[in-house]
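Examining the three-dimensional arrangement
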Amino acid sequence: MTVSLIVGTPKGAAILRSQDRQSWQEQFVLRGWPVTASARDDRGRSYIAVNSPNYGVALHVSDDLVDWRQLASAPRYRPEDRGNPEHHRLVARDDFTGLLKDGGRFVDQIWNLHWAHGALYAGVSEAGLFVSRDRGESWQPIDGFNEHPSRPGWTPGFGGLGAHTILSDRNNPNRMWVGVSAAGFFRTDDGGKTWHPKNKGVDPAVDAAPASTGQCVHSVTHDPAKANVLYRQEHRGVHRSDDGGDTWQVIEDGLPVCELSDGHHCSFGFASAIDLKSGHVFVVPLDGDNFRFPRNGQLAVYRSRDGARWEPLTKGLPSNCYTAVLRGALSADQMDPGGLYFGTASGTVYASSDRGESWREIASGLPRVMSVDAYVS
Amino acid sequence: MSAEPVRVQLPPVLRSVMGGERWLAAEGSSIAAVLADLARTHPALGLHLFDEAGAIRSNIVFLHDGEMVRAREAASRRLKPGDEVVLTNALAGG
């Protein structure tokens, strides 16, 4: 068995490969392209999403992780689609010539690629969802989500208005979930025709935000085979749902609780992942939205064995670490025992082959790590 | 006999889209027309040249005859057969 990691950075992707999860070989591909997401389909083809403020977004495919080919199609809004002024304001730093002043809606980043039920889904910013049913050769917008009635009230998070989380139900192709910063979490039960906010029990990101679609979800993880049990790392804390997202409860027993910039107390972080064989869930807490680094510099992954209580895992991780782990930068390989991998905003990748009990550095000197995805072949 | 094509130099980041090719040949009497020809013959490259609204991506700039030409000027910038155009982009930083 070979474990392959696709590590996305602003300057390309590091491909790390290992047959024993101890020694790793590294190759750097797609040089010069910001790499933001990856996926693998059920026939073994890998997909990488790239974006550039100058040259837009695109997808590359490979059947061996060595030779990559750019596809001639990518998710794109229609010329008549209107954009979100607040999102435009946030991304305007790259708009040197005033393109956004005309108010159009543009795909400026693919945040997430997700393969499910024979289709490839892309979650993008400005927030939207697209699907390809021909392995990325053509893309269609999912209008039931992209033109959601609540869209005029969606407010971007600090990183823009992005659809960054896509989850699917292995046993029900009509049920999917999408998370948007900062418009919360949505579910469809009719194959994408209609979508409903699923944020009951989760505080809005700020008190002035809409109660139904003002949540700043950071990431959500689950077991696709037991899809209705969901774990959600929110700007305002870690939550669990046992009913497919209809209701949420805070689960922070054992997690470090910090004070956010607005005085709210909760456990803050971005990334989450699940080891399917054990059911253990993992998050990487940061010391609030002001500092965004591990408390007291101790890099720690927290594990929950029962979906309620958490324990810190620090063996092999540095105690002088003042960087972040971003939302897409934690992944599990689903082997037995489960392997876990994460990258930091300062370009180091850590690996565990014992469900997080111990860690070691397997790559360093990379640019800011934006995504880590593990694949087994 | 057809006219000599215009030659377009790609920036390094776009050469990877074209298998490492630095120069491409295209036809057209303006920079915009040449880019449209490139997008037609090389759709994967076309993604990077035109945005959703069909406009040349606004951060692209061109060098032609020793002058810088911005994207909004590409339609009016006339080309002769055999001209060379350098395609590059706005750069941030010092």
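Here the structure is a predicted model, which means the values were calculated and not measured.

Our focus in this paragraph is the overall build of chain B. When its secondary structure is counted, chain B shows 3 helices and 5 strands. Ordered by position from the N terminus, the helices and strands of chain B form the series β-α-β-α-α-β-β-β. Compactness check: chain B gives a C-alpha radius of gyration of 13 Å against a globular reference of 12 Å for 94 residues, within 12% of the reference. Projected onto its principal axes, the C-alpha coordinates of chain B cover approximately 45 × 30 × 25 Å. Relative to its full complement of 94 residues, chain B shows a buried share of 35%. Within chain B, contacts between residues at least 6 apart in sequence are counted, and of these 50% link residues at least 24 apart.

Check the secondary structure of chain A and you find 3 helices and 30 strands. For 377 residues, the compact-globule estimate of 2.2 N^0.38 gives 21 Å, and chain A sits close to it at 19 Å. Referenced to the eigenvectors of the C-alpha coordinate spread, the extents of chain A come out at roughly 55 × 50 × 45 Å. Classification of the 377 residues of chain A by burial places 51% in the buried group. Residue pairs in contact within chain A that sit at least 24 positions apart in sequence constitute 52% of those at least 6 positions apart.

Residue and element names in this part refer to chain A. Spatially, E3-E2-E1-E30 is the arrangement adopted by the 4 strands of the open sheet, whose pairing is antiparallel. Edge positions in the open sheet fall to strand E3 (25–29) and strand E30 (371–376), since each of these has one partner strand only. Strand-to-strand twist in this sheet, taken as the mean axis angle between neighbours without regard to direction, amounts to 20 degrees. Where strand E1 (residues 3–9) lies against strand E2 (residues 12–18), 7 bridges are found, and the strand directions are antiparallel. Its bridge partner being in E2, serine 4 is matched across the sheet by arginine 17.

Residue and element names in this part refer to chain A. Note on placement: aspartate 223 falls in the loop between strand E16 (217–222) and strand E17 (230–234). Look at aspartate 223 and you get partly exposed, because 18 C-beta atoms sit within 10 Å. Along the chain, aspartate 223 and leucine 276 lie 53 residues apart, while their C-alpha atoms are 6.1 Å from each other. Those residues in contact with aspartate 223 that sit more than four places away from it in its chain are Val229, Ile274, Leu276 and Gly279.

The subject of this paragraph is the interface of chain A and chain B. Between chain A and chain B, the residue contacts involve 20 residues of the former and 20 residues of the latter. Taken together, the residues of the side of chain A that touches chain B sort by class into 13 nonpolar, 6 polar and 1 charged.

The next point concerns helix H2 (residues 31–41) of chain B. Of the positions making up H2 of chain B, those classed as buried are Ile31, Ala32, Val34, Leu35, Ala36 and Leu38 of chain B. Next to the buried residues of H2 of chain B lie strand E1 (6–9), strand E2 (23–26), helix H3 (43–49), strand E3 (60–64), strand E4 (67–70) and strand E5 (84–89) of chain B.

Glancing now at the pairing of E2 of chain A. Residues and elements named next belong to chain A. Burial analysis of E2 places 5 of its 7 residues in the buried class, the great majority of the element. The antiparallel hairpin formed by E1 and E2 contains 2 residues in its connecting segment. Pairing of E2 with E3, which is carried by 5 bridges, proceeds in the antiparallel orientation. Among the inter-strand pairings, arginine 17 is bridged to a residue of E3, identified as glutamine 25.

Residues and elements named next belong to chain A. Tracing the chain through its elements places alanine 273 in strand E22 (residues 268–275). With 24 C-beta atoms counted inside 10 Å, the residue alanine 273 sits in the buried group. In sequence terms alanine 273 and arginine 303 are 30 residues apart; their C-alpha atoms lie 9.7 Å from each other. Those residues in contact with alanine 273 that sit more than four places away from it in its chain are Thr221, Phe282, Leu330, Ser331, Ala332 and Leu340.

Right, let's talk about the sheet that holds strand E24 (residues 301–304) of chain A for a bit. Residue and element names in this part refer to chain A. Strand order in the open sheet formed by 4 strands is E22-E23-E24-E25, and the pairing between neighbours is antiparallel. For this open sheet the edge positions go to E22 and strand E25 (311–313), each flanked by a neighbour on one side alone. Averaged over neighbouring strand pairs, the angle between their axes works out to 30 degrees when direction is ignored. Here E22 pairs with strand E23 (residues 280–286) via 6 bridges, running antiparallel. Within E23, the position partnered with aspartate 275 by the bridge is histidine 280.

Turning next to unusual backbone geometry. Generally, phi is negative for residues other than glycine and the peptide bonds are trans, each holding for most cases. Residues and elements named next belong to chain A. Following serine 125, the chain continues into glutamate 126 via a peptide bond in cis, with omega recorded as -10 degrees. Aspartate 336 connects to proline 337 through a cis peptide bond whose omega is 0 degrees. Among the structural elements, proline 337 can be located in the loop between strand E26 (330–332) and strand E27 (340–343). Although it is not a glycine, arginine 355 adopts a positive phi angle of roughly 55 degrees. Mapped onto the elements of the fold, arginine 355 is located in the loop between strand E28 (349–352) and strand E29 (360–363). Classification of arginine 355 by C-beta neighbours within 10 Å gives buried; the count is 20.

How each quantity is defined
Each residue is numbered by its place in its chain's sequence as written, counting from 1. By the order in which they are written, chains take letters starting at A while ligands take numbers starting at 1. The predicted nature of this model means local features are confined to residues of pLDDT at least 70 and side-chain atom pairs, given and counted, to a pLDDT of 80 or more, with totals for whole chains, interfaces and linings taken over all residues. The helix and strand labels rest on DSSP assignments: H or I over at least four residues marks a helix, E over at least two residues marks a strand, and numbering proceeds from the N terminus. We compute the radius of gyration over the C-alpha atoms and compare it with the globule rule, which gives 2.2 Å times the number of residues raised to the power 0.38. Partly exposed residues are those falling between the two cut-offs: more than 12 but fewer than 20 other C-beta atoms within 10 Å of their own, whereas 20 or more means buried and 12 or fewer means exposed, with C-beta atoms placed from the backbone. The contact criterion used is a C-beta to C-beta distance within 7 Å, with each C-beta placed from the backbone. We call two strands paired when DSSP finds no fewer than two bridges between them. An axis is simply a line fitted to the C-alpha atoms; with a helix, the fit covers only the stretch in contact. Between two such axes, the angle follows the N-to-C directions and lies from 0 to 180 degrees. Gly is placed with the polar residues, together with every amino acid not listed as nonpolar (Ala, Val, Leu, Ile, Met, Phe, Trp, Tyr, Cys and Pro) or charged (Asp, Glu, Lys and Arg).

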